[in-house]
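Here is what each chain is made of, one letter per residue.
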There are 4 protein chains.
Amino acid sequence: MSEKIAVSIVGGSGYTGGELLRLLLAHPSVTIRQVTSERLSGKYAHRTHPPLRKRSELKFSPLTELQECDVIFACLPHSQSMQHMPSLMEKAPRIIDLSADFRLKDPEAYARWYHAPHQAPQYLSKFVYGIPELHREEMRSAHYISSAGCNATATILGLYPLLKQQVVEPQSVVVEVKVGSSEAGAESNDGSHHPVRSHSLRSFQPTGHRHTAEILQEISFGQDLKVHFSATAIDMVRGVLATSHVFLNQTLDERAIWQIYREAYKSEPFVRIVKESQGLYRYPDPKLLWGTNYCDVGFEIDPFSNRLVVISAMDNLMKGAAGQALQAFNIMHGLEETLGLEFGGLHPI
Amino acid sequence: MSEKIAVSIVGGSGYTGGELLRLLLAHPSVTIRQVTSERLSGKYAHRTHPPLRKRSELKFSPLTELQECDVIFACLPHSQSMQHMPSLMEKAPRIIDLSADFRLKDPEAYARWYHAPHQAPQYLSKFVYGIPELHREEMRSAHYISSAGCNATATILGLYPLLKQQVVEPQSVVVEVKVGSSEAGAESNDGSHHPVRSHSLRSFQPTGHRHTAEILQEISFGQDLKVHFSATAIDMVRGVLATSHVFLNQTLDERAIWQIYREAYKSEPFVRIVKESQGLYRYPDPKLLWGTNYCDVGFEIDPFSNRLVVISAMDNLMKGAAGQALQAFNIMHGLEETLGLEFGGLHPI
Amino acid sequence: MSEKIAVSIVGGSGYTGGELLRLLLAHPSVTIRQVTSERLSGKYAHRTHPPLRKRSELKFSPLTELQECDVIFACLPHSQSMQHMPSLMEKAPRIIDLSADFRLKDPEAYARWYHAPHQAPQYLSKFVYGIPELHREEMRSAHYISSAGCNATATILGLYPLLKQQVVEPQSVVVEVKVGSSEAGAESNDGSHHPVRSHSLRSFQPTGHRHTAEILQEISFGQDLKVHFSATAIDMVRGVLATSHVFLNQTLDERAIWQIYREAYKSEPFVRIVKESQGLYRYPDPKLLWGTNYCDVGFEIDPFSNRLVVISAMDNLMKGAAGQALQAFNIMHGLEETLGLEFGGLHPI
Amino acid sequence: MSEKIAVSIVGGSGYTGGELLRLLLAHPSVTIRQVTSERLSGKYAHRTHPPLRKRSELKFSPLTELQECDVIFACLPHSQSMQHMPSLMEKAPRIIDLSADFRLKDPEAYARWYHAPHQAPQYLSKFVYGIPELHREEMRSAHYISSAGCNATATILGLYPLLKQQVVEPQSVVVEVKVGSSEAGAESNDGSHHPVRSHSLRSFQPTGHRHTAEILQEISFGQDLKVHFSATAIDMVRGVLATSHVFLNQTLDERAIWQIYREAYKSEPFVRIVKESQGLYRYPDPKLLWGTNYCDVGFEIDPFSNRLVVISAMDNLMKGAAGQALQAFNIMHGLEETLGLEFGGLHPI
C-alpha cells in the first residue's frame, strides 16, 4: 500500500476525468488522492461518473485544496491548463496534461492554429508529446507529458510508418475523420441537444482543425508535409475513424505495405493491423474498440491509381485521451505498459 | 387568395411551432400571417426550422406586434398560455392552444396534477378537448380548442373503444409509454446532451405523469377509472408507443375485439387498426408514422389470462401535437379533414 | 382519369420500388397499372411497403403477366435489367431504369468497373443519363432514361459546377461518402444484422467503387479527371453525405465560388446551396432531407491551402433513386418538374 | 498452471459463446480447452468474436472432437441442449447450461410455455436454477446449473424481495421489458435487417413470453402469482430494462421499501439499488451496464394509488447470460464471486 503511486486528477468532472478515474481505480499500482472540480466540490464523484457507483466514495475537492502527490493528471479545459501549470508543478513532480496547451513545440504554430498567442511558451519544451509509439524512450525519463489529441492520434498512428519511410507524396495527404459526440466534451449546448444531434452528419470542421498542427509536427520527418484535414460528426458517442488518402511515390504492393506496418508496430501492445479479405470485420471499426486502448490500423491499395487508403480507428476517450495518458503513466513509472488497460472491448454492441 | 384563412402562430420557435409552420405552408386554404418569438424576433424562421429552407422567407415577430387574424395557433410553454390567453382572444376569434393549460375541465384536477392552482379557470369550459375522434361534433362549431397531450392521445385512442363499451376492469389499467426526445421540447439541457441521452432508457416519469389527468377525464365514462401510467424515454427523436394492459370483465375473443375497434374507427381517416399475423410489421410502430397524422392501434389477447394488451403508436409532433391541431382546424372550418395531412410516412427509415 | 399516364413498376419489392410506389400513388397525373415481384406475387404491396397501408390495395404480379403501359420503371437488380430490357421495351414506349446497367456509355468502362462484359451494349447509347441538372434538355424527348447512382449523384452535383468551369486540378479529387444501410437494398445478410451493423463504421469500399465510373463519365469535360473515391457505411438508414476535397487551380475567394454555384443552380428546384456562418445547420446534412428530393450543396475554402471542401447531401432513395427518377419522368412528360416531389422534410428527426 | 480449471464451450459461435470466451480468457483460474462450432470448425474464433483479436489463437472444433474437461459451458440453441446433454455429461462432471432447456422443474410447465413436450425430463431435477441471489447455497455443491433467462433475471431480481416478503397483490403483476437486438441471437433474418430493425419499437411478444414460466417458478413463494408480461424490442443492441408494476397489499412508505431491498441485497456484489432524487441517472439504465455483471434495481411509489413501479436493468449478455453463468461458475468452485467480472461499465457511451 505504501508503495502505491499517489495521483490526483485536476479537473475531474468531464469525460476524460471520469475515464481516468474509472481506469485509475482499477489500477493495481495507484492510489487516487484527490479529484478536483470547482462546480461539484463536495459532491460524490459517482453521481457524475456512474461507473464509479458502489466502487468509490471519492468526492470532488476544489483546486485550492489540492495537496502534494506523485503525479497529477491535468484535465482542465484548453487554455486554462497553461494558466494553472506553474502552480500544478509545485504540487507534483510529474504531470500528464490532457489539454491541447502543451502539444505543440512551436509557439507560432500554436498561435496560427489556436488563433491566440501561447501564454506559457517557456514550458513547451519541457513536455514530451504523448504518443508512446513515437516517444516511448523519452517518456521513460519524462516529468511532463502532453497527451495527444484524439483525432491527431488516430491519424498519426495510421500514417506514421508510411511518412517515416517516406513512401508517400507529402503534399497531398487528405484525411477525413468521423467522430462521436463525446469528443466535444461534457457540457451541453444547443448543438448537442439530442433531437438535433441524433442522426446528424455534421461537417463541423471541414478545414482548419487544430489537430492538424500536431500531425504536421509529428510525422513530417523533414518533408514539406501538407495534411488536408476534415472532420465530420456522426451519430455515435465514442469513437473516431480516420480515413487517410495518401499517394505512393513508388510502386509498392500489399505485401510491401504490410511489411512497413509490421516493422513499425510488431512490438506495440496497443496497435493492431486489421485487414481481412473476408468476414464482417475487414477493416478497423471504432465500435469494437469502445473502452479499449487499441488503435486498429488497416489499408487498401487503389487498383486504379497510386492511392493508398489508410483506415485507423480507436476510442477517443481511451487511446485518444485517458487510456493513452495511462499508457504514458505506466511507461513513465517503469510499469507494465498494459497495466489497467487490459479491457478488450465488447461484441456485439 | 382573398378567401384564404389567415393564421398566426404564437410561440413559433419550438418544435410544435416549427411543425405547424411546415404543415400550414403547404395547406391550400391557409395563409400564414405571423409567427412570433421573442428570442428570435427579426430572424428568418428557416434558420430555426430547416424544412422551410427555400420555401419561406417568413421572419419571427415579437408578440407585441401580433396583428389580428382568423385563427391563432398558440404554442406557448405550459402555464404561459393561460397568462396570454385573454390578449390572444382579442386578436382572433378562433384559437387552437397546444399547451396543457386548457385541457382539463376541472381546476382541482389541474391543481392536483400540475401542483399549482390554475390561473384562468374561467376559460376552462370554453375549450373543446382536441381529439377529433372523441369530439368532432363539438369542434365543428368551436371557437377554442385545446390540443391534447401526445401521450394522452396515444393512450386514449388505444383504450377509448374498450372503455366506452365498458368491457374492461376500470381499476387496473396499466399503461406504459415509450417516448422520444422531441417530447421534451427544443430547449437543450444536461439531460438532453447527446452523449448522455443516446442509448439511454430513462424512466423519467414512473408515476405522476400529468397526461394521466386527461386520460381519466376523457375515457372514464362514469366508471371509477384508475390508469396506472409510466413513461420511459428511449433513444428516438419522434414517436410514442403506448402499451396498455387492460383486463377484460367478460369473455371476448379476437373477433369481438376487432368488432369493437372497427365500430369505433371505421370512418376515421387517421386511425388504423394494425394487427397482422405474420410479416415484419405485425403491430403499430411509431417509426412508420414519422411525419404522418396516423394513430395506429393493435392488440393481443393473453391466452393465459383475461389480459388484453393494446398497442398504439403515433408521431408525437403530428397526431400528438401539430397534426392533430391542424386536423381540428380543418374540422372547425368545414374543410376536408385530411387537408395538409396527406403524408403517409417513409420506409425504410 | 383517361388522361392519366399509366405506369408499371417492374421489380417492386425492394426499397426503390417501394419508394416509387409511395410517390406515384400520390402523383396527380399517374395511375399505377401493375407492380411486379416474383417472390411476392399475389400478395398485397402494403405488407411489404407499410406506407401504403390503408392507401392502396395493389397486389404484386409476376413479370410474365406484365401488360402494356405508358411508362415502365424498372427496379430490377443490377445485371438482371439488361437481360429483361428487350422484353420490357415491347411493353412500353418509355422506360426509366433504376439499375446500374445503362448508366455508362462505354462498354469497356462497364467491364472495367463491373468486372464482367456488358450483355446488351447495343442499348447503351439509347439511354439518357438520369441527372436532370445535367441532361434536362435530352430528357424532354427521351424514351429511355438510366437513373443515376446515389453516391454518384451526390458527388456529381457537388462537383459539377467546379469541373465545368475547370477551376480545379483534375488529378487530385478525393471524395469520401458516408452512406446509410438502405443503399445496400432490402435483402438481409450477415452484415446487415442489427447487432452487427448498429454503431458500425464500416469501410466497405475504400477503393474501386463502381459509381466512380459514372462520375468520370459525367464531369470530366475533356480533362483527364481522377476521382479518388471511398465509401464508409455509418449507422443511418437513409442518406448520403459526400465530402469532396478538390484543389483550386487559381485563386478564388468565397464570393467567386458562390458565384459559380449560383450560376449553375439558380433555377434548379432541387439543388440548394447551404452554407451558413452560424446556427446549428451550417452545412448540408442528410437527416434534414429524408423523404425529400433535394440535394443540398455547401463548401468551405481551406485558409491554409488551395483546397476547397465541398459537402453534398441527399436522401439516397429519393434524389439518389426514386425521387430523381420521378423528376425525370415529369420532365419527360412536360409536367411540372416538382410534381409529387413537394415534401420538404422533417425536423427534428 | 496445472491447477487451472479446464473449461470448454459447446456451441461457441453465438453471442453468449463469444461473451463467455471473452470473459474466460481473462479469468485467472481458468484455461480454455475447446470451443465448438460445427459451421466454423477449423476457423479462428477471433474472426467471429472480434474482442479476441490479438488475444487468442483459439480455433473452433467440431462437437465430435470434444474432449474431457472440468466444466462445460453449453451454449447450444434451445431444444438442442436437451438432446446433447447425455453425451455432454460424459465429458465433464460439471455443466453450466445457457439454453432454456433445464430452467423449469415442471415438465408440464415446459410443455405449456414451449409448445412441445420436454425430451429429457429426467434431468430437470438435477439442475440448479442459475440466479445466485436466489440459489447461492445450492450452487456451492451443484454439478449442473441452468443459467436463467435474461428477461426473467431482470424481472426476478426486481421483484424477488417484494414477493418473498409477500407485500404485493400476487394477481396483478404487470411487467414490461424493453430489450435490445442481441437477445435474438447471432443469426440474421429479415426482421433483424438494419433498415428494418433500426428505430423500430417492435411489440414482438405482447403475451405468451416463455420467460414468464421461470418467473412464476422462482418468486411465487406459495402464492397464486400472475405475471402479466410483455416484451418490446427497441433500437439497442445490448441491454434489458424491466418495468414492473405491482400493487402493495399494505401501506409501505419509501423507507420501508428501501429496507426490504437493502435486506435482500446488502451483501450482493452484483445488485445495486439505484434511486436518486436528482441528477441525470436517477433510475437504472442498461446503457450504464453494458459489459458489466450488475443488475441495478430502483423503484418509485405512486402517490395516487398503491402501485409501486420497480425498474431493473442489466446487460442481457452479461448478468442475463454469460456473466451470470460465470458468477455461478465462481460460486461452484469456491472462488471469489466477482472473479473475471470486475468491469464496471463505460460512460459516456
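Heads up: these notes are all about the structure in this document. (Residues numbered from 1 in each chain as written. Chains lettered and ligands numbered in written order. Predicted model: local features only at pLDDT ≥ 70, side-chain atom pairs only at ≥ 80, totals over all residues. Heavy atoms only, no water.)

1. Regarding the pairing of strand β13 (residues 295-301) of chain D
Residues and elements named next belong to chain D.
Moving on, step 1. By the criterion of burial, β13 is predominantly enclosed, with 6 of the 7 residues buried.
Moving on, step 2. In terms of strand pairing, strand β12 (residues 271-273) meets β13 through 3 bridges, oriented parallel. Pairing of Ile273 across the sheet is with Val297, part of β13.
Moving on, step 3. With antiparallel pairing between neighbouring strands as the criterion, β13 and strand β14 (residues 307-314) make up a hairpin whose turn holds 5 residues. (Buried < 20%, exposed > 50% of the residue type's maximum accessible area, 1.4 Å probe, protein only. Helix = DSSP H or I, 4+ residues; strand = E, 2+ residues; numbered from the N terminus. Pairing = 2+ DSSP bridges.)

2. Observations concerning helix α4 (residues 107-114) of chain B
All names here are of chain B.
Moving on, step 1. Among the residues of α4, Ala109, Tyr110, Trp113 and Tyr114 are the ones counted as buried. Along the axis of α4, the buried residues cluster in a sector spanning 105°; they form a single face.
Moving on, step 2. Buried residues belonging to α4 abut α3 (80-91) and α8 (211-219).
Moving on, step 3. At the N-terminal end of α4, a side-chain oxygen is found 2.8 Å from the backbone nitrogen of Glu108, two or three residues along, and the residue is Asp106.
Moving on, step 4. The positive-phi residue at the C-terminal boundary of α4 is His115, with phi of around 55°. (Arc of directions from axis to C-beta. Contact = heavy atoms within 4.5 Å. Polar contact = N/O pair within 3.5 Å; in protein donor to acceptor, adjacent residues only side chain to side chain.)

3. Comments concerning the relation of the copies chain A and chain D
Moving on, step 1. Expressed as a screw transformation, the operator carrying chain A onto chain D has a rotation angle of 180° and an axial translation of 0.0 Å, and the superposed copies differ by an RMSD of 0.0 Å. As the rotation angle and translation indicate, the two copies are arranged about a two-fold axis. Among all C-alpha atoms of chain A, that of Phe343(A) lies closest to the rotation axis, at 4.1 Å.
Moving on, step 2. Interface overlap between copies: 100% of the residues of chain A at the interface are likewise at the interface in chain D, consistent with a symmetric, same-surface contact. (Least-squares fit on C-alpha atoms with pLDDT ≥ 70 in both.)

4. Comments concerning the sheet that holds strand β6 (residues 127-129) of chain C
Residue and element names in this part refer to chain C.
Moving on, step 1. Spatially, the 7 strands line up as an open sheet ordered β3-β2-β1-β4-β5-β7-β6, and their pairing is parallel. Two strands close off the open sheet at either side, each with one partner strand: β3 (60-61) and β6.
Moving on, step 2. Relative to strand β7 (residues 144-146), strand β5 (residues 94-97) runs parallel, the two being bridged by 3 bridges. In the sheet register, Ile95 faces β7, and the bridge partner there is Tyr144.

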